[in-house]
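Chain by chain, the residues run as shown.
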Amino acid sequence: MNLSPVPIRFDEARPRARAIAYDAAADGVDVLLVRDVLGRFTLVVDDRASGGVLADRVVALNGRLAAELEPYAAERPLLLASELFSADDLLGSERAQPDPLHPRAEGHGGVRLLDNTVVGEDWAQVSTPAVESDGSRTHRTALYGFKGGVGRTTATALLARHLADQGHVVLVVDLDLESPGAGPLLASGALLPRHGIVDQLIESALDNADGLEVVAPTRYMPRAGRGELWVAPARGRGSQGTPYSYVDKLNRVYADIPGMDFADRLAAAVRACEDAVAREGESGRRPDVVLLDSRAGIHDIAAVAISRLCDLALLFGADNRQTWGGYGDLFAAWQSSGQAAAIREKLRMVASMVPDSPQRPMGAYLESFREHSWECFSVLYDNDEPEPETGLLVPGAFSPSLEDDSAPHHPIPILFDPGLVGLDADSAPGWQDRAFVQAAYGEFLTTSTLLITADPQSDEGP
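Residues numbered from 1 in each chain as written. Predicted model: local features only at pLDDT ≥ 70, side-chain atom pairs only at ≥ 80, totals over all residues. Heavy atoms only, no water.

> Outline the overall build of the protein chain, listing residues and values.
Regarding its fold elements, the protein chain presents 13 helices and 13 strands. Based on the C-alpha atoms only, the size of the protein chain along its principal axes is roughly 80 × 55 × 45 Å. For the protein chain, buried positions account for 48% of its 462 residues. Residue pairs at least 24 apart in sequence account for 73% of intrachain contacts in the protein chain once pairs closer than 6 positions are excluded. Averaged over its 40 positive side-chain charges, the protein chain has a centre that lies 5 Å from the centre of its 68 negative ones. (Helix = DSSP H or I, 4+ residues; strand = E, 2+ residues; numbered from the N terminus. Buried < 20%, exposed > 50% of the residue type's maximum accessible area, 1.4 Å probe, protein only. Contact = heavy atoms within 4.5 Å. Lys, Arg positive; Asp, Glu negative; His and termini not counted. Charge placed at Lys NZ, Arg CZ, Asp CG, Glu CD.)

Put into structure tokens, the structure is as follows:
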């Protein structure tokens, strides 16, 4: 056996496996390319409708998979559906996604991908929350930054108060479990509830969540009489005389339980907080706006918050390599897993801490930010080249221009002001009304409110 002079690495294995899958599909059979948790590939060929695959062809495909993928070929790299006990369960898995890169050709079978990972699988399972049973819609918005320190939590607090001023019942859920911040910032002197999101996750796993106090009204008095502002903190205040073992709980919240994975459990916890607002509030109203203060980085909580729990995700960042490198990796993962069309229209960039000085004028900064953002988002947009047969653009293609100010890549600015550095909002009453705060956040509050309260099912937009 001749060994390759250069070993095959993880990044090289997938395009090779895809090429072999496309070759198999060219025989007119559907195929499923399965990657296991170690990155090894198995090609499942659905030969049931075609009456089987020639033995020589099976040998050839097996040989190619083994030779071209080397350690990234599974122990049995090729499986025929006709020889599997439960082929329908595997080939019909809801987790399998059509390969967005598979070239369409007459007579070819389809190619689907099934990726098994240890964590982060929810990044590739994009959906939008459904309307409530009474036909109303709760607007759920995730606020996320690939890197920390971009002012996300302060922006969340300001936005929550602004929405409450508009007469909305607003619930802020602190999902930054490893670094809680939104709860104490919003409570502003009021008592936090005895329990937090972490307690809800821990107790519900044992069917023991009845009676938990997971939400509390803040002391903020909205300008509109009907507005309300509630908070569901990551960490509760605990009970007097009983140690509050936050770290011990945190180390257990990510466990799957029978019948529910972590994503299902987190969704149920947010729902429990929404129900609690309706149950405990004097008005009896459910929150019509929920802000999810998400954990930073590529993490399971961020995956669930952006991919499943929200209908709008505000992506915070500064114009630097760390921002675009991180979002580039994330967008590439969405694109390769076939989720580009599902995710792109619920994203919107926020340019945080925008400078405005003679050395770095705001206009030039935002122009650079927009260009980098557009380059980054381009992997999620459709090809804007005309079809060779007709010379026309693909009907319905989503390919906004660089200048499109309603596109996901167009930044909503938050201006930098030295007064915001080290601001202790808890001890500064009325801080959100100060002129420099309003000047910094004015466009962010106006634009975000329009996006949040728009009907995500409407084509008209805000």
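> Go over the sheet that holds strand S1 (residues 30–35), please, and point to the residues and values.
In spatial order, the strands read S3-S2-S1-S5-S4; together these five strands make up an open sheet with mixed pairing. Unpaired on one side and paired on the other, strand S3 (73–80) and strand S4 (97–98) mark the two borders of the sheet. Relative to strand S5 (residues 111–115), S1 runs parallel, the two sharing five bridges. Bridging from a neighbouring strand, Leu32 pairs with Arg112 of S5. Taken strand by strand, helix H1 (residues 10–25) contacts S1, strand S2 (41–46) and S5, and its axis lies near 165° from that of S1. (Pairing = 2+ DSSP bridges. Axes fitted to C-alpha atoms, helices over the stretch in contact; angles between N-to-C directions.)

> Mind laying out unusual backbone geometry, listing which residues take part and the relevant values?
One non-glycine residue, Glu70, lies in the positive phi region at around 50°. With respect to the helices and strands, the residue Glu70 is situated in the loop between helix H2 (55–69) and S3. Overall, the relative accessible area of 25% leaves Glu70 in the partly exposed class. The backbone phi angle of Met353 is positive, close to 55°, even though this residue is not glycine.

> Lay out the environment of Gly39 in plain terms, naming residues and giving numbers.
Mapping Gly39 onto the fold places it in the loop between S1 and S2. In contact with Gly39, other than residues within four places in its own chain, are Phe10 and Tyr72.

> Go over the side chain of Ser93 with me, naming the residues and quoting the values.
Along the chain, Ser93 turns up in the loop between helix H3 (87–91) and S4. Residue classification places Ser93 among the buried residues on the basis of a relative accessible area of 14%. For Ser93, the contacting residues outside a window of four places in its chain are Arg112 and Leu114.

> Help me get a handle on the state of the cysteines, residues and values and all.
With the rule as written, the count across this model stands at zero disulfides. Not part of a disulfide, Cys273 finds its nearest cysteine sulfur in Cys310, a span of 17 Å. (Disulfide = S-S within 2.5 Å.)

> Give a description of the pairing of S5 that names residues and reports values.
Sheet topology places S4 next to S5; two bridges connect them, and they run antiparallel. Each residue of the ladder has a partner; that of Pro98, found in S5, is Arg112.

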